[in-house]
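# A look at the structure
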Amino acid sequence: MKDPKVILITGASSGIGEALALEYATEGVTVILVGRDLDRLDSVAAQCRDFGAEVRLATIDVTEGKFFSQWLEGVDSTTPIDLVIANAGISGGTSGGGEPDEQVRRIFAVNVDGVLNTVHPLIARMTERRRGQIALMSSLAAFRGFPGAPAYCASKAAVRSYGESLRGALAPDGIEVSVICPGFIRTRMTEVNGFKMPFLMEAGRAARIVKRGLARNKARIAFPFPTYFAAWLIGALAPTLTDPWLRRTPKKPALEEPKAE
Ligand SMILES: NC(=O)c1ccc[n+]([C@@H]2O[C@H](COP(=O)([O-])OP(=O)(O)OC[C@H]3O[C@@H](n4cnc5c(N)ncnc54)[C@H](OP(=O)(O)O)[C@@H]3O)[C@@H](O)[C@H]2O)c1
């Protein structure tokens, strides 16, 4: 959608979500920021206001489905949302061992249920208006399961596939759906990685690419190209060819917040 006027972003308190909020913030635009950390959200909100945007913010855990849904419906009733970006997410890996059950479930709860909790309350409303855009944050990790981060890869694969399906399902209702698949972006999420991240990109640049892709209603916004091509190829090749190499790839550290708060 070109020039959305009301944009809701989850995970707006840091990283890509923060960069997207700053990218969209301008006069005549309302940005609605969702995250859990009030201090960081306040700081993003202040920067958005400096750019002339109207700002609403809320500290909400996206896994709190019922409360989140009621809040979203209230917000959409007073400020109909043009573009929702379901961006909040967490990641964690195996650190080389197994992945604890608690971590797996928390990653699925935030990355999959959290995305559904963000977009489902808005679909019927957008359908009624025959207007709206939904952007789902997946990852290049969606193209092949990596042994170092099983739950993260699986959660992002689910989001990617769901978004691709929704796009076709909702097109007749006039709703645009895009799936975002970034490679390595410099954020709090990747700063814990103790390995070299190829083609690491700054969050501001990533946000500009995403905004441009959403304005063009691209089905898949995947970048940077070299990492996208590598992810696509690894996913396309037979597992017997890729498994031995994948088993030697670096392992992401375990999640630091596996417990549900
Ligand atoms: N960085 C990368 O290389 C990369 C690559 C591909 C995809 N992604 C995806 O991009 C998205 C943003 O990640 P990032 O890299 O920008 O990391 P980040 O800086 O850690 O940002 C994650 C955001 O999600 C929010 N969040 C986490 N759990 C939440 C919950 N339960 N409820 C509400 N908000 C929650 C965090 O807010 P609070 O801390 O305030 O809760 C924060 O604003 C994620 O979905 C991630 O998987 C990142």
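Counting restarts for each chain, with residues numbered from 1 along the sequence as it is written. Only residues with pLDDT of at least 70 get local features here, since the model is predicted, and only at 80 or more are side-chain atom pairs given and counted; chain-wide, interface and lining totals rely on the full set of residues. Neither water nor hydrogens contribute to the side-chain values; these are computed over all heavy atoms in the structure.

## Things to note about the site of the ligand
The local shell around the ligand holds 32 residues, among which S13, S14, R36, Y152 and T187 are the closest. Polar contact criterion, stated in full: a pair of N or O atoms within 3.5 Å, where within protein one must be able to donate a hydrogen and the other to accept it, and residues adjacent in sequence count only if both atoms are side-chain atoms. Within the contact set of the ligand, an oxygen atom lies 3.1 Å away from a backbone nitrogen or oxygen of G11. In the complex, 96% of the free accessible area of the ligand, which totals 880 Å², lies under the protein chains. Elements with a contribution of two residues or more to the shell around the ligand: helix 1 (15–24), helix 4 (101–129) and helix 5 (150–170). Gly is put with the polar residues, along with every residue not named as nonpolar or charged; the nonpolar set is Ala, Val, Leu, Ile, Met, Phe, Trp, Tyr, Cys and Pro, and the charged set is Asp, Glu, Lys and Arg. Its residues assigned to classes, the shell around the ligand comprises 13 nonpolar, 12 polar and seven charged. Any residue with a heavy atom lying within 4 Å of a molecule or strand is counted as near it. Reported accessibility uses the Shrake-Rupley method at a 1.4 Å probe radius. Residues are deemed covered only where the shown protein chains occlude them. Think of it this way: any DSSP run of H or I at least four residues long counts as a helix, any run of E at least two long counts as a strand, and we number them from the N terminus.

## Concerning the packing of aromatic side chains
Pairing of aromatic rings covers Phe, Tyr and Trp, the last counted by its six-membered ring, and requires centre-to-centre distances within 6.5 Å; plane angles under 30 degrees mean stacked, over 60 mean edge-to-face, and any other angle means tilted. Here the structure, examined in full by the defined rule, presents five aromatic pairs. Aromatic rings pair up to connect F225, F229 and W232 into one cluster. Residue placement shows R160 over the ring face of F143; its charged tip is 4.0 Å from the ring centre. If you follow K211 out to its NZ or CZ, it ends over the ring of Y24, 5.4 Å from the centre. Placement of a positive charge over a ring is assigned whenever Lys NZ or Arg CZ falls within 6 Å of the ring centre and within 35 degrees of the normal to the ring plane.

## Focus: the pattern of salt bridges
Here, a salt bridge means any Lys or Arg side-chain nitrogen found within 4 Å of an Asp or Glu carboxyl oxygen. One pass over the structure, following the stated rule, counts 10 salt bridges. A salt bridge links D76 to R125, with the shortest nitrogen-to-oxygen separation between them at 3.2 Å. Residue D76 is found in helix 3 (residues 65–78), and its partner R125 is found in helix 4; the two are separated by 49 residues along the sequence. Judged by its relative accessible area of 26%, R125 is partly exposed. R186 is the partner of E202 in a salt bridge, and the nearest nitrogen-oxygen pair spans 2.8 Å. Of the two residues, E202 is situated in strand 8 (residues 201–202) and R186 in strand 7 (residues 185–186); the sequence distance between them amounts to 16 residues. Three labels apply to residues, based on accessible area from a 1.4 Å probe with only protein chains included: buried if under 20% of the type maximum, exposed if over 50%, partly exposed otherwise in between. Relative accessible area serves as the criterion here: at 43%, E202 is assigned to the partly exposed category.

## So, helix 5
Here, expected helix span is obtained from the residue count minus one, scaled by 1.5 Å. The terminal C-alpha atoms of helix 5 lie 30 Å apart, and with 21 residues this matches the ideal 30 Å at 1.5 Å per residue to within 8%. Buried residues of helix 5: A151, Y152, C153, S155, K156, V159, R160, G163, L166 and L170, and no others.

## Structural notes on a nonpolar patch on the surface
Two distance rules govern patches: like charges are joined within 9 Å, and nonpolar side chains (Val, Leu, Ile, Met, Phe, Trp, Tyr) within 5 Å, applied only to residues with over 30% relative accessible area and no salt bridge. There is a patch of nonpolar side chains on the surface, built from F225, F229, W232, L233, L237 and L241 and spanning about 620 Å² of accessible area. For the nonpolar patch, the leading source of residues is helix 7 (residues 225–236), giving four residues. Along the polypeptide, L237 turns up in the loop between helix 7 and helix 8 (239–246).

## Quick look at a positive patch on the surface
Residues K2, R205, R208, R212, R216 and K218 make up a contiguous surface patch of positive charge. With respect to the secondary-structure elements, R208 resides in helix 6 (residues 203–215). In this structure R208 comes out as partly exposed when scored by relative accessible area, which is 43%. Charged-residue counts in this description rest on Lys and Arg as positive and Asp and Glu as negative, His and the chain ends being excluded. In this description, the location of a charge corresponds to atom NZ of lysine, CZ of arginine, CG of aspartate or CD of glutamate.

## Observations regarding unusual backbone geometry
Residue P224 is reached from F223 by a cis peptide bond, and omega for that bond is -10 degrees. By the secondary structure assignment, P224 is in the loop between strand 9 (220–223) and helix 7. If you check the backbone angles, D3 has positive phi at about 50 degrees while not being a glycine. Positive phi outside glycine occurs at N217, with the angle close to 55 degrees. For N217, the location among the structural elements is in the loop between helix 6 and strand 9. The exposure class assigned to N217 is partly exposed, which follows from its relative accessible area of 23%.

## Structural notes on the environment of D173
Relative to the helices and strands, D173 resides in the loop between helix 5 and strand 6 (175–182). Exposure remark for D173: the relative accessible area of 23% places this residue in the partly exposed category. Taking the C-alpha atoms as reference points, D173 and R130, separated by 43 residues in sequence, lie 5.6 Å from one another. Only heavy atoms matter for contacts: two residues are in contact if any of them lie within 4.5 Å across the pair. Residues contacting D173, with those up to four places away along its chain left out, are T127, R130 and R131.

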